[in-house]
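Coordinate inspection notes
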Amino acid sequence: MCNLGNLALKEGDKQTARGWYRDASDLGYSDAMLALGVMAYHEGDRPQAQLWYSRAATQDNVAAMYNLGLMALDDGDTIVARRWFSKAATLGHESAAQQLAALELDQSRTTRQVNLTRAERLDQTGDKLISGGRTLFGLGCSLTLLFWVALPLLFLVVAVIISVLGGGDTTP
């Protein structure tokens, strides 16, 4: 039935395609659910697209998970996007893994910038509670900078490794 829907869609008959996809989705075919989601999305019906993608994702359809991640990203919800991309990446979706890595990199840059600003502010105000005014290994890298920038970056790398190796439940 899915193939009949694909054929009808290829011929430009969206209504017939939709009918075949609905019949196939009633029988539990996640690819048909995905196709209905794609059609709804391209017709501008995001709630309907999300509904069909969600149904397909419950059956481990990685393309549907990826699309849900993209929709969440479009909505500015990086937490939900990260969950969907992580789940799809765990099941082998390469683009989801790339999106997840990009999100982690963006978060790392933001965290690093915030921490660098904190370290600079501490040094400018003369507050040497962390660094004590010393440098690390004589390289001019203050302990303040190490504490506020390098340590969170290390935690981020460990979190990415754990997430890629399948640590924890990432279902939204």
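Residues numbered from 1 in each chain as written. Predicted model: local features only at pLDDT ≥ 70, side-chain atom pairs only at ≥ 80, totals over all residues. Heavy atoms only, no water.

Across its 12 residues, helix α4 (residues 46-57) extends 16 Å between first and last C-alpha, which sits within 8% of the 16 Å expected from 1.5 Å per residue. Those residues of α4 that sit buried are Ala 49, Trp 52, Tyr 53, Ala 56 and Ala 57. Buried residues of α4, seen end-on, are gathered within an arc of 140° and therefore sit on one face of the element. Summarising the contacts, the buried residues of α4 are in contact with α2 (14-26), α3 (30-42), α5 (62-74) and α6 (78-90). The N-cap residue of α4 is Asp 45: its side-chain oxygen and the backbone nitrogen of Gln 48 are 3.2 Å apart. (Helix = DSSP H or I, 4+ residues; strand = E, 2+ residues; numbered from the N terminus. Expected span 1.5 Å × (residues − 1). Buried < 20%, exposed > 50% of the residue type's maximum accessible area, 1.4 Å probe, protein only. Arc of directions from axis to C-beta. Contact = heavy atoms within 4.5 Å. Polar contact = N/O pair within 3.5 Å; in protein donor to acceptor, adjacent residues only side chain to side chain.)

Interhelical geometry of α4 versus α5 gives an angle of 140° and a closest axis separation of 8 Å. Relative to α5, the crossing made by α4 is left-handed. Between α4, through Arg 46, Ala 49, Gln 50, Tyr 53, Ser 54, Ala 56 and Ala 57, and α5, the contact on the second element is made entirely by Ala 64, Met 65, Asn 67, Leu 68, Met 71 and Asp 74. Tallied by class, the residues present in the contact of α4 with α5 amount to eight nonpolar, three polar and two charged. (Axes fitted to C-alpha atoms, helices over the stretch in contact; angles between N-to-C directions. Left-handed = near helix turned anticlockwise from the far one by under 90°. Nonpolar A, V, L, I, M, F, W, Y, C, P; charged D, E, K, R; others polar.)

This part covers the packing of α3 against α5. Relative orientation and spacing of two packed helices are given, respectively, by the angle between their axes and the distance between those axes. It is at 10 Å that the axes of α3 and α5 come closest, and there the two elements cross at 30°. Here α3 lies roughly parallel to α5, going by the angle between them. The chirality of how α3 crosses α5 is left-handed. Across the interface between the two elements, Leu 34, Val 38 and Tyr 41 of α3 pack against Ala 63, Ala 64, Asn 67, Met 71 and Asp 74 of α5. (Parallel < 35°, antiparallel > 145°, perpendicular 65-115°, else oblique.)

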